[in-house]
Amino acid sequence: MSFLAKGRVLKNQQLADDLYELEFLAPQIALKCHPGKFMQIRVSEQDDPLLRRPLSLYDVDVDSGSISLLYKVVGQGTRIMTSFKPDDTIDVMGPLGNGFTMPNYPLNAILVGGGVGIAPLMYLARWLILLDCQVKVLYGANTAGELVASDRFSRLGVELEVATLDGSAGYHGPVTDLLKDQDPHEVDSFYTCGPEMMMAEVAEYVACNYLWGECSLEEHMACGVGACLGCARKLKPADVDYVKICKDGPVFNVQAVEFMMGR
Amino acid sequence: MSFLAKGRVLKNQQLADDLYELEFLAPQIALKCHPGKFMQIRVSEQDDPLLRRPLSLYDVDVDSGSISLLYKVVGQGTRIMTSFKPDDTIDVMGPLGNGFTMPNYPLNAILVGGGVGIAPLMYLARWLILLDCQVKVLYGANTAGELVASDRFSRLGVELEVATLDGSAGYHGPVTDLLKDQDPHEVDSFYTCGPEMMMAEVAEYVACNYLWGECSLEEHMACGVGACLGCARKLKPADVDYVKICKDGPVFNVQAVEFMMGR
Amino acid sequence: MKKEYGQGTGQPDISVNLGGLSMKNPVAVASGTFGYGFEYEDFIDISGIGGVIVKGTTLEPRPGNPPPRIAETPAGMLNAIGLENPGVDVFLNEYLPVLREKGVTVILNIAGNTVEEYARLAAKLKGHPGIAGVELNISCPNVKEGGLQFGTDPVMVKTVVEAIKAECSLPIIPKLSPNVTDIVAIAQAAQEGGADALAMINTLMGMAVDIRTKRPVLGNVFGGLSGPAIKPVALRMIYQVYREIDLPILGGGGIMNFTDALEFILVGASAVSIGTGNFVNPCLADEIVDGLIEYMQENQIAKLTDLVGAAAV
Amino acid sequence: MKKEYGQGTGQPDISVNLGGLSMKNPVAVASGTFGYGFEYEDFIDISGIGGVIVKGTTLEPRPGNPPPRIAETPAGMLNAIGLENPGVDVFLNEYLPVLREKGVTVILNIAGNTVEEYARLAAKLKGHPGIAGVELNISCPNVKEGGLQFGTDPVMVKTVVEAIKAECSLPIIPKLSPNVTDIVAIAQAAQEGGADALAMINTLMGMAVDIRTKRPVLGNVFGGLSGPAIKPVALRMIYQVYREIDLPILGGGGIMNFTDALEFILVGASAVSIGTGNFVNPCLADEIVDGLIEYMQENQIAKLTDLVGAAAV
Ligand SMILES: Cc1cc2nc3c(=O)[nH]c(=O)nc-3n(C[C@H](O)[C@H](O)[C@H](O)COP(=O)(O)OP(=O)(O)OC[C@H]3O[C@@H](n4cnc5c(N)ncnc54)[C@H](O)[C@@H]3O)c2cc1C
Ligand SMILES: Cc1cc2nc3c(=O)[nH]c(=O)nc-3n(C[C@H](O)[C@H](O)[C@H](O)COP(=O)(O)OP(=O)(O)OC[C@H]3O[C@@H](n4cnc5c(N)ncnc54)[C@H](O)[C@@H]3O)c2cc1C
Ligand SMILES: Cc1cc2nc3c(=O)[nH]c(=O)nc-3n(C[C@H](O)[C@H](O)[C@H](O)COP(=O)(O)O)c2cc1C
Ligand SMILES: Cc1cc2nc3c(=O)[nH]c(=O)nc-3n(C[C@H](O)[C@H](O)[C@H](O)COP(=O)(O)O)c2cc1C
Ligand code: FES
Ligand code: FES
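None of these values were measured; they are calculated from a predicted model.

1. Thoughts on the overall build of chain C
Scanning chain C for helices and strands turns up eight helices and 16 strands. A globule of 313 residues ought to have a C-alpha radius of gyration of about 20 Å, and chain C, at 18 Å, matches this closely. Expressed along its principal axes, the backbone C-alpha trace of chain C runs to roughly 55 × 50 × 40 Å. Relative to all contacts within chain C whose residues are 6 or more apart in sequence, the contacts with residues 24 or more apart total 69%. One way to put it: in chain C the 22 positive side-chain charges average out to a point 5 Å from where the 33 negative ones average out.

And the structure:
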């Protein structure tokens, strides 16, 4: 079940140069949230920009009915979002899509996130912890200042390893290098979101070690509900059918996907 | 001389239900201002709404370099303007058009304004006072709350008579009824801005009493500088040529105009 | 919050007979923008919608175009979906029965690449109750005529409409392409072919470029421009056709709110369709109906037909 | 802040030869949106602009259409100015000398209602130095052909271009109307008539309705749609023509910033024109030139021609 709702902004905080956390009240939606699902946010009442912006659930508090999104300013829409301020009413639609598969028993999970791709992994981590899983987060970014989710992960009580490309915090290099140090026998499942090159390496690790993993994909969207067929993608070039990222995903098994290196 | 400039918003204050005063710093423009001229304000960086909005100079302080506009929220553009806040940078163009004719000697002037049409008359009154004129303002509105310029006029030291359609302040009825009580022999010139029906009555009074008067007209605009020929109007139906309100006006001699009743 | 409209309820009469296709209210959702209706059930009661025009359907299943399939443009969007659909049999056997069960006013949008394909498709509809009407997408290339779009040539338009009318007794509503020099000539041809009503407009052909890759954004290079950007063109064409052609018009192109819808009605649309607007506001169809009723009550307008074409005199 | 561009200055070469018309830089201002240039002198150095295409000029003075002449639309605007202009004699004798004196690259936009009118107008230009080229507005009704627009019929396009070429040795740039089924056929006809370059696109025909009065907004009912709304259509048409027709293209339609301009160049425009964008930002032409230079320097592109058509392969 998803809804169209008016959300009341609680905060819209700049966490880094181009990273913001938007928190708003939408209790009806919050009740139906699940990690990996996403929201479609209307950024303006004007006709330009026209379409809603898809953003993953970063965190949700069912008790207070609040939903958090972590967004990166990349273009016109996200730039407009930075002007949202507390008590503004925003037009939100969600939760949409198929989220991450939840384990039936407490297991060991590694979450690999790069950049703003960390967003859906926060809410996922919260659920996994609730389900008594062992959660380790491998979190990569360009530079220390962009590791905006670190503290929140720590507060959640997950094990956190960070990597930065410039070496300003944690491991100096791509976050996927941290995979080498993991013991595949101690992990049951992987969850990943970030640049496709990064996810490709996670997928390879998962494949080589006969593990299981899920990733969250992106594609430009119009409807967000499977109606327009706009967000089509062949998970693998040889596939006959196009999946719809909004409805069949955005979460897919990593083994089903051939990642695109430019992304 | 007119300019394209970035104005820094000083205030954007709601004065009545749908009336706001916007004040911004634009010293270069302020230096060239003259009563009756107008600004073209870009309301949004988005492509919708696209065109600038023409707004009259309500008041200008050359010393501080600040310009005030008095605007009424009537549609999308003016609604967006209400979100301007102090320290915002706005994109302004002006001053544009031909303003009111200034007297060469101190004379007696009556200014007749209706609704937000009062806007250009404030700055005009300021100049006339500086030129040692006797200034009387006849100021009409629907209701007392809309007489947002009254205090400012009083502070300027002009003689002020008000009228409201609902009788909640001053004379109960249309502001033009106040013309009856004026002594035409004690007035040299009239200046008017507001609904055309109102201006038509001022024009008639001016004509009947062999006086002189100017009015400020409106027309939808694109360029604001006489380039697009979009703001054309025949001042009188029998005229051969179309004037351009933005360039030939917006101020015209009342005798040259046949007013349109619907406006 | 379902409402009952119609004669005798004290509400203004907003039901529409669109060339034999009867609609509860004048607001339909446009083909390709609303899937089969199910996709939007969380947001709106699809049985209350004036007409649900389902995704363009072809004789055989089609995989659609390679992505990217959509791109945002100023006050609009481009799409090049490529008619991805499971084929008419799946529609008739799997989707239609459910829609019929729910009481949805189903309008089937059909597409083909030859006159025969259209005719065979139309013939298949016999014996499948629950289709209120057929919208004919003629913005498709005619492979037998060198890929020229059916909708750009009056002779082809007439031929294809005739062929379908011969096979199908449902109301047939050709959907006109705006990418033509003379829209009235096309409308005329559709009428001569036996059209019961006209739908207009389909998308304007456009494209976008990715300056980073220096390549067209869309996998298909060209796409259809929809949304508020095209509204002025849609209004103009409907106005032109309304004044010349005596067929009811299902008007759309950029409708985002009630006042937009009213503009379409005033230039001659008997009913309207919401396309891109659904993406922005999935409850838009309902909101426009509410807006219309309120407007008619306030302005003492008893029936919608009093407004149709009022600006096109 | 005048800048010097061109070869040998260390700057990338952005000068353009548009079918014999030489421009300092590839950014022109579009006819009807920049008056005669003077109107914008407070805001921009008009002699630095790649080309100032002056208001559409006719043989005799024209009063223009009754107001309202413009209306805002989503990401666009409609205009129905009706070619108000003082006639070619006033232009040649009063405005041109001043523009020439200032060193402005003047492109004269001409319009007529018969082939003879165009030809006579073109003939008048002889002996008036300072006109860099002639843009031919063919979105005008041909009164001898029942009011059909010149620009919608290949035969008429060819005829009118030929007639003008016979009278005038300046570069002739027909400006194509987008309101046609087959833009390539029109471009082809212009080429056959002897066009030196093509300007595209003119405005899309549209309209707007005032729901308060229930009447068309524009005094002329129909108007030309311009601005960002039409950009996808303009790009598509230029792409189509660039691939088929071997003439340089002056591209425009909705350009609001440098990246828009680059999109036009990538689909095949050798130079661009800014229309509605001038109203929003009177310094836009300069800003786009600056943006282009910066982009070329950053991307080590020596000459603009390396970019022209890069997306249309
Ligand atoms: C399921 C899903 C979840 C996402 N979650 C997040 C998140 O939690 N945080 C975050 O910062 N970003 C997320 N994104 C990406 C985000 O949607 C885009 O960054 C955003 O739409 C850009 O909008 P813009 O107007 O700023 O950029 P522009 O480039 O100006 O947008 C132009 C158009 O392209 C679309 N677009 C641009 N980039 C993307 C993209 N990467 N994916 C989809 N559409 C795009 C926009 O929606 C818009 O329609 C997610 C995308 C998807 C599909
Ligand atoms: C010279 C001049 C001076 C003006 N001075 C003032 C002033 O001091 N205070 C004030 O409140 N208003 C003034 N106006 C009117 C003001 O320009 C319009 O109210 C405003 O443009 C409405 O914009 P909108 O987007 O809110 O309305 P919308 O109706 O949504 O605007 C749609 C389009 O119509 C145009 N438009 C709508 N109404 C008018 C109008 N009356 N005149 C011109 N264009 C219009 C808009 O600019 C826009 O392009 C003046 C108009 C002119 C021409
Ligand atoms: C994503 C998308 C898919 C579409 N698919 C179809 C289709 O399959 N058949 C069809 O006739 N029209 C199709 N259209 C056109 C719409 O039905 C509608 O005519 C057009 O979008 C204009 O209306 P709008 O501006 O309200 O969207 C599609 C439009 C969009 C945006
Ligand atoms: C107000 C206005 C007046 C115009 N007048 C003319 C004209 O006289 N002759 C002409 O060929 N085009 C004219 N045009 C069309 C423009 O030159 C340009 O081709 C069109 O607006 C598309 O470009 P744009 O989207 O950048 O504005 C006019 C456009 C506008 C907006
Ligand atoms: S965004 Fe419409 S189907 Fe996915
Ligand atoms: S607004 Fe362009 S001429 Fe007046």
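2. A closer look at the pairing of strand β9 (residues 134-141) of chain A
All names here are of chain A. By the criterion of burial, β9 is predominantly enclosed, with seven of the eight residues buried. In this sheet, β9 lies alongside strand β8 (residues 108-114) in parallel orientation, the contact comprising seven bridges. Residue pairing for β9: I110 is matched across the bridge by K136. Once the chain exits β8 it traverses helix α3 (residues 119-130) before rejoining the sheet at β9, and the crossover so formed is right-handed. As judged from the six bridges shared by β9 and strand β10 (residues 159-164), these two strands associate in the parallel manner.

3. Side note on the environment of E60(C)
Here E60(C) is to be found in the loop between β4 (51-53) and β5 (70-73). Residues within four places of E60(C) in sequence aside, it is in contact with N85(C) and G87(C).

4. Observations concerning the packing of aromatic side chains
Overall, the coordinates contain 28 aromatic pairs over all chains when judged by the stated rule. With centroids separated by 6.3 Å and ring planes inclined at 65°, the aromatic side chains of Y40(D) and F43(D) adopt a geometry described as edge-to-face. F43(D) carries the same exposure label as Y40(D), and that label is buried. Three or more aromatic residues joined by ring pairs make a cluster, and in this case those are Y36(C), F38(C), F91(C) and Y95(C). Above the plane of the ring of Y242(A) lies R69(C), whose end atom (NZ or CZ) is 4.5 Å from the centre.

5. So, the nonpolar core
Counting 320 residues, the largest nonpolar core has F190(A), F190(B), Y40(C), F91(C), Y40(D) and F91(D) as the members making the most contacts within it. Sequence-distant contacts of Y40(D), defined by excluding residues within four places in its chain, comprise M93(B), C223(B), V225(B), A227(B), T33(D), F34(D), N278(D), F279(D) and P282(D).

6. Things to note about the interface of chain C and chain D
One frequently used descriptor of interface size is the decrease in accessible area upon assembly of the parts. Each partner contributes to the interface: chain C provides 39 residues, whereas chain D provides 39 residues. Summed over both sides, the interface between chain C and chain D buries roughly 3400 Å², with carbon and sulfur atoms accounting for 71% of that surface. Sorting the residues of chain C by area buried against chain D places I211(C), K214(C) and R236(C) first, and these three jointly supply 18% of that buried surface. Seen at the junction of chain C and chain D, the total is nine residue pairs in polar contact (both at pLDDT 80 or more). Among the secondary structure elements, those contributing two or more residues to the side of chain C that touches chain D are β11 (204-207), β13 (215-216), β14 (222-226), α5 (231-244) and α6 (258-267) of chain C. Among the elements that make up the side of chain C that touches chain D, the one with the highest residue count is α5(C) (six residues). In the side of chain C that touches chain D, the residues fall into 28 nonpolar, seven polar and four charged.

Conventions used here
- Residues numbered from 1 in each chain as written.
- Chains lettered and ligands numbered in written order.
- Predicted model: local features only at pLDDT ≥ 70, side-chain atom pairs only at ≥ 80, totals over all residues.
- Heavy atoms only, no water.
- Helix = DSSP H or I, 4+ residues; strand = E, 2+ residues; numbered from the N terminus.
- Rg over C-alpha atoms; globule rule 2.2 N^0.38 Å.
- Contact = heavy atoms within 4.5 Å.
- Lys, Arg positive; Asp, Glu negative; His and termini not counted.
- Charge placed at Lys NZ, Arg CZ, Asp CG, Glu CD.
- Buried < 20%, exposed > 50% of the residue type's maximum accessible area, 1.4 Å probe, protein only.
- Pairing = 2+ DSSP bridges.
- Right-handed = clockwise from strand over helix to strand, strands pointing away.
- Phe/Tyr/Trp six-rings, centres within 6.5 Å; stacked < 30°, edge-to-face > 60°.
- Lys NZ or Arg CZ within 6 Å of the ring centre and 35° of its normal.
- Core = buried A, V, L, I, M, F, W, Y, C linked by side-chain atoms within 4.5 Å.
- Buried area = accessible area lost by both parts, 1.4 Å probe.
- Polar contact = N/O pair within 3.5 Å; in protein donor to acceptor, adjacent residues only side chain to side chain.
- Nonpolar A, V, L, I, M, F, W, Y, C, P; charged D, E, K, R; others polar.

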